[in-house]
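Understanding the architecture of this molecule
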Amino acid sequence: MTVPGPVAVALGVSATAVAAGQALHWSLGRAAVPVPAGDEVAVVVLGVPGTNPVLRAVQRWRAALAVETVGRLAARRVVFTGGPTGSGRSEAAELAELACAIGLDPALVVLEERSRTTRENVVHAAGLIGEATTVVLVSDVLHAARARAYWKRQGSPVPALVLADRYRPFDRVGIRTLVTVVELLYRASPIAGRRNGC
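Below is a short write-up of the structure. (Residues numbered from 1 in each chain as written. Predicted model: local features only at pLDDT ≥ 70, side-chain atom pairs only at ≥ 80, totals over all residues. Heavy atoms only, no water.)

1. Section: the packing of helix 4 (residues 118–125) against helix 5 (residues 141–153)
Cut-off, in case you're wondering: Axis lines are fitted through C-alpha atoms, for helices just across the contact stretch, and the angle between N-to-C directions can take any value from 0 to 180 degrees. For the purposes of this entry, the term helix denotes a DSSP run of H or I that reaches at least four residues, the term strand denotes a run of E that reaches at least two, and both are numbered from the N terminus. In these notes the angle categories are as follows: under 35 degrees is roughly parallel, over 145 is roughly antiparallel, 65 to 115 is roughly perpendicular, and the rest is oblique. In this scheme, a crossing is called left-handed if the near helix is turned counterclockwise away from the far one by less than a right angle; it is called right-handed if the turn is clockwise. Two residues form a contact once any of their heavy atoms are found within 4.5 Å.
Running from amino to carboxyl end, helix 4 crosses helix 5 at an angle of 50°, the nearest separation of the two axes being 9 Å. Considered as vectors, helix 4 and helix 5 are oriented oblique to each other. Handedness of the helix 4/helix 5 crossing: right-handed. In this structure, helix 4 contributes Thr118, Arg119, Val122 and Ala125 to the contact, and helix 5 contributes His143, Arg146, Ala147, Tyr150, Trp151 and Arg153.

2. Looking at the environment of Leu98
Rules: For each residue, the accessible area found with a 1.4 Å probe, counting protein chains only, is set against the maximum for its type, and the residue is called buried under 20%, exposed over 50%, and partly exposed in between.
With respect to the secondary-structure elements, Leu98 resides in helix 3 (residues 91–101). Under the relative-accessibility criterion, Leu98 is labelled buried at 17%. The sequence separation of Leu98 and Ala63 amounts to 35 residues, and the corresponding C-alpha distance is 6.0 Å. Each residue touching Leu98, except ones within four places of it in the same chain, is listed here: Arg56, Gln59, Arg60 and Ala63.

3. Overview of the nonpolar core
Test applied: Note on terminology: a nonpolar core comprises buried Ala, Val, Leu, Ile, Met, Phe, Trp, Tyr and Cys residues joined through side-chain atoms within 4.5 Å.
Core analysis: the largest hydrophobic core is formed by 23 residues, its most contacted members being Val43, Val45, Val70, Val78, Phe80 and Leu104. Of all the secondary-structure elements, those providing two or more residues to this core are strand 1 (41–45), helix 2 (53–73), strand 2 (77–81), helix 3 and strand 4 (134–138). Core analysis: the second largest hydrophobic core is formed by 14 residues, Ile129, Val135, Leu137 and Trp151 among them.

4. Side note on helix 4
Counting buried positions along helix 4 gives six out of eight residues, so the element sits mostly inside the fold. For helix 4, the full list of buried residues reads Thr118, Arg119, Asn121, Val122, His124 and Ala125. On its buried face, helix 4 is in contact with strand 1, strand 2, strand 3 (109–112) and helix 5.

5. As for the pairing of strand 3
Heads up, the rule is: Between any two strands, at least two bridges found by DSSP are needed for them to pair. Convention used here: a crossover is right-handed provided that the path from the first strand, over the helix, to the second strand proceeds clockwise when the strands point away from the viewer.
Judged from the four bridges that link them, strand 2 and strand 3 form a sheet pairing that is parallel. Considered in strand 3, the bridge of Val79 is made with Val110. For the segment spanning strand 2, helix 3 and strand 3, crossover handedness is right-handed.

6. Description of the packing of helix 2 against helix 3
To be explicit about the condition: Side-chain classes follow a simple rule in which Ala, Val, Leu, Ile, Met, Phe, Trp, Tyr, Cys and Pro form the nonpolar group, Asp, Glu, Lys and Arg form the charged group, and the remainder, Gly included, forms the polar group.
Packing of helix 2 against helix 3 brings their axes to within 8 Å, and their N-to-C directions diverge by 60°. As far as their axial angle goes, helix 3 and helix 2 are oblique. Classified by chirality, the crossing of helix 3 by helix 2 is right-handed. Here Arg56, Gln59, Arg60, Arg62, Ala63 and Val67 of helix 2 lie close against helix 3, whose contacting residues are Glu91, Glu94, Leu95, Leu98 and Ala99. For the contact of helix 2 with helix 3, the residue count by class is five nonpolar, one polar and five charged.

7. A closer look at helix 3
Given 3.6 residues to a turn, an α-helix orients residues that are three or four positions apart in the same direction. Burial analysis of helix 3 places eight of its eleven residues in the buried class, the great majority of the element. Where helix 3 is buried, its residues contact strand 1, helix 2, strand 2 and strand 3. In the segment just after helix 3, Gly103 is the residue with positive phi, at about 120°.

8. A closer look at the pattern of salt bridges
Threshold: Salt bridge, as used here: a side-chain nitrogen of Lys or Arg that lies within 4 Å of a carboxyl oxygen of Asp or Glu.
Taken as a whole and judged by the stated rule, the model has two salt bridges. As a salt-bridge pair, Glu97 and Arg89 come within 2.7 Å of each other at their nearest N and O atoms. Since its relative accessible area comes to 44%, Glu97 is described here as partly exposed. Taking relative accessible area as the criterion, Arg89 reaches 37% and is therefore assigned partly exposed.

Following this line, the structure appears as structure tokens:
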């Protein structure tokens, strides 16, 4: 059976996007630094708006990853970041609500509700991590790696920075592919340079 040209192109593009997403998440996941035993751990959850069903799914994934990370590393503080969305609620509040609904202790929650970009997530969260010696960044690994680079470039003391997202082959392949495409398009766009960090 002959596959029509447009269909073949669409399938090829989709397969390439999936492969790129898997490869990049695997590569960056391997570079993640293990958390030293006995470290004081703070978890920083990077913001994402829940303005449509797709982004809401990303929010749920990020909230679940935060809960998993807290349980795995016995973190004592979880900083949710992100300012107001179109609904009037902050990204931070939406993420924290989702995380607490699936088991996160509300006593661990700190909200950072001013930031509107990833760079601002990092700048404002840096003052909310307390005495933590390790900060675990919660997002997909591409986004978290960009946030880690921002953190390292700012003037405040830099604790050990760790990526929370652990690569599992074809886990949440749809979301991983989506966030990979979005992140690569952002990095290739003129906006990235003009805004000095989205």
